[in-house]
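# Notes for the structure review
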Amino acid sequence: MPVGVDSLDRVTLRATNLDKLDGGDFDALIVGGGINGAVAAAALAARGASVAVIDRGDFANFTSQESSNLVWGGFKYLENYELPLVRKLCMSRNRLMRTYPANVQEIGFLAALGNTSPFPPWLAAVGSFAYWGIGNFKTNAPRPLSAESIEQLEPIINTTDVRGGVEYADAYLKDNDARFVFGFIRSAMDVGAVAANYVELEAAERSGARWQATLRDLEDDHQINRSAKILVNAAGPFIDGLNQSWNLRTDHRIVYSKGIHLVVDQLTPNERVLAFFDDTKRLFYVIPMGKRSVIGTTDTRVDDPHTQVTDEDRSFLLEQINARLDLAAPLTANDIIADRCGVRPLVVKNDGDDKRDVDWTSLSRKHEIEVDHEKQVVSIFGGKLTDCLNVGEEIAEAVQALGLQLE
């Protein structure tokens, strides 16, 4: 169920949208109701396009509801000198904080750097000031920290092996990711878009100047037929399979990285994110979530987007956090209230060698948008919540490039 819509409203809203969808002719059919599809629908509908967006599950039901709820410019991408990407993400973060102040708020990140950190504290401090400048100084200034300062600020941190650290500022979703995504779906509907969840695309065929799409309402097994000038593939982790079904050749493809989070009782009352490097020198966090704390995320290469948290995953994260916190008693599996598991769809070049070993740990959460002029298809590869407004605008530009006039 879309977050924020009660059961009666949901039934009425969905039935109304299904009536509009069945037999309708639209400028654009967006397949996928995660963050990419949601912002694409909102951007296109706001500029006068007739839009339909569908998802075979609920809106934001997959990757977009399994995030860390962080809205950030990608401090860690500085390590690979991806300065243009960091700049773009920082500007998007700033814009989200201005536009959605109740949802996206600044928060401090305290990074404790110990023996597993790939760089010394002084370098992290230099990077944090560079990061602050790249973001136009729109957040609180960073500050280098000694091990003693870290212990004073966060007594819960075990500083035995900590050489120092830094506190800098980024942002996070004060609410939650699924609710944030549905906000874009709702705003798209408010300006005329049609949106229906639990509707699957069974087939789509190009006929003349339009796509003829066969959809199925998965709640009552009802077939729906509609047409569209343009298809927008916003299927996230499933983008490649959908493009293949349309015999579409693309320059990019997706690889998957599984990330998990463990939800436990609140570990510290301070409203800040604690950052550490695990034994594999990958960042993980303790993120505030009301009266709870969220520990994660991991980074494991997988071949199937359908994932779940394993006992090995839980043991790894518990071992890592217990080694870095000074707790009265170590956290165990019995302390886990809930867990979250999702895949990051990471973009790589589609060079024809699907068996090529991709070093996914060096891949950023950038996105790529491809336009097929002949078949009138726009495909969105990758992306993250932070960059969502840019994605929506780029989709609008791509649709215009296909000849659709927008306001």
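The following paragraphs examine the structure supplied in this document. On a predicted model such as this, the values are computed, not experimentally measured, just so you know.

Conventions adopted
- Residues numbered from 1 in each chain as written.
- Predicted model: local features only at pLDDT ≥ 70, side-chain atom pairs only at ≥ 80, totals over all residues.
- Heavy atoms only, no water.
- Patch = residues over 30% accessible without salt bridge, like charges linked within 9 Å, V, L, I, M, F, W, Y side chains within 5 Å.
- Areas by Shrake-Rupley, 256 points an atom, 1.4 Å probe, with all protein chains shown as cover.
- Salt bridge = Lys/Arg side-chain N within 4 Å of Asp/Glu carboxyl O.
- Helix = DSSP H or I, 4+ residues; strand = E, 2+ residues; numbered from the N terminus.
- Buried < 20%, exposed > 50% of the residue type's maximum accessible area, 1.4 Å probe, protein only.
- Phe/Tyr/Trp six-rings, centres within 6.5 Å; stacked < 30°, edge-to-face > 60°.
- Lys NZ or Arg CZ within 6 Å of the ring centre and 35° of its normal.
- Expected span 1.5 Å × (residues − 1).
- Contact = heavy atoms within 4.5 Å.
- 1 Å grid on protein atoms, 1.4 Å probe; cavity = no way out; pocket = protein on both sides within 12 Å on 5 of 7 lines; lining within 4 Å.
- Points joined across faces, edges and corners; volume = space filled by probe spheres on them.
- Nonpolar A, V, L, I, M, F, W, Y, C, P; charged D, E, K, R; others polar.
- Pairing = 2+ DSSP bridges.
- Polar contact = N/O pair within 3.5 Å; in protein donor to acceptor, adjacent residues only side chain to side chain.

Okay, a nonpolar patch on the surface next. A grouping of Trp122, Leu123 and Val126 is seen on the molecular surface, where their side chains present a nonpolar patch of about 330 Å² in accessible area. Take Leu123: it is sitting in helix H4 (residues 121-134). In this structure Leu123 comes out as partly exposed when scored by relative accessible area, which is 37%.

Aromatic ring pairs are reported here in terms of the distance separating the ring centres and the angle at which the planes meet. Summed over all chains, the structure comprises 17 aromatic pairs. Note on Trp132 and Phe137: the rings are 4.9 Å apart at their centroids and 90 degrees apart in plane angle, and the pair reads as edge-to-face. Here Trp132 falls in the partly exposed class, since its relative accessible area comes to 23%. Judged by its relative accessible area of 52%, Phe137 is exposed. An aromatic cluster is present here, built from Trp72, Phe75, Phe109, Tyr131, Tyr168 and Tyr285 joined pairwise through their rings. Over the ring of Phe238 we find Arg56; its NZ or CZ atom is 4.6 Å from the centre of that ring.

The terminal C-alpha atoms of helix H9 (residues 388-401), which comprises 14 residues, lie 20 Å apart, in line with the 20 Å expected from a rise of 1.5 Å per residue. Within H9, burial applies to Cys388, Leu389, Asn390, Val391, Gly392, Ile395, Ala396, Ala398 and Val399. Summarising the contacts, the buried residues of H9 are in contact with helix H2 (35-46), helix H3 (83-99), helix H6 (177-190), strand S10 (222-233), strand S17 (367-372) and strand S18 (377-382). Gly403 sits one or two residues past H9 and shows a positive phi near 100 degrees.

Now for empty space enclosed by the protein. Counted by the stated rule, this structure contains three cavities of 30 Å³ or more. The space that makes up the second largest cavity amounts to roughly 60 Å³. Arg93, Ser128, Tyr131, Trp132, Gly135, Phe137, Lys138, Thr139, Asn140, Pro142, Tyr168 and Ala169 are the residues that line the second largest cavity. Mapped onto the lining of the second largest cavity, the elements with two or more residues apiece are H4 and strand S6 (164-173). Ranked by the residues each element gives to the lining of the second largest cavity, the list is headed by H4, at three residues. Broken down by class, the residue content of the lining of the second largest cavity amounts to six nonpolar, four polar and two charged.

Our next topic: the pairing of strand S8 (residues 199-207). Alignment of S8 against strand S9 (residues 210-217), held across eight bridges, turns out to be antiparallel. Note that in S9 the partner of Val199 across the bridge is Asp217. Adjacent in sequence and paired antiparallel, S8 and S9 are bridged by two residues, among which Gly208 carries a positive phi angle near 65 degrees.

Turning next to the pattern of salt bridges. Summed over all chains, the structure comprises 25 salt bridges. Residues Arg216 and Glu202 are paired through a salt bridge, measuring 2.5 Å at the closest nitrogen-oxygen approach. Taken together, the positions of Arg216 in strand S9 and Glu202 in strand S8 put the pair 14 residues apart, joining distant regions of the chain. Taking the relative accessible area as the measure of exposure, Glu202 reaches 41% and is therefore partly exposed. Residues Asp265 and Arg292 are paired through a salt bridge, measuring 3.3 Å at the closest nitrogen-oxygen approach. Here Asp265, found in strand S11 (residues 252-265), pairs with Arg292, found in strand S14 (residues 292-296); they are 27 residues apart in sequence, far enough to count as distant.

Along the polypeptide, Glu167 turns up in strand S6. By relative accessible area, Glu167 is classed as buried at 10%. There is a polar contact of 2.8 Å between the side chain of Glu167 and the side chain of Arg143. There is a polar contact of 2.8 Å between the side chain of Glu167 and the side chain of Arg272. In this structure, Glu167 is in contact with Gly108, Phe109, Leu110, Ala141, Pro142, Arg143, Leu145, Leu153 and Arg272, ignoring residues within four places of it in sequence.

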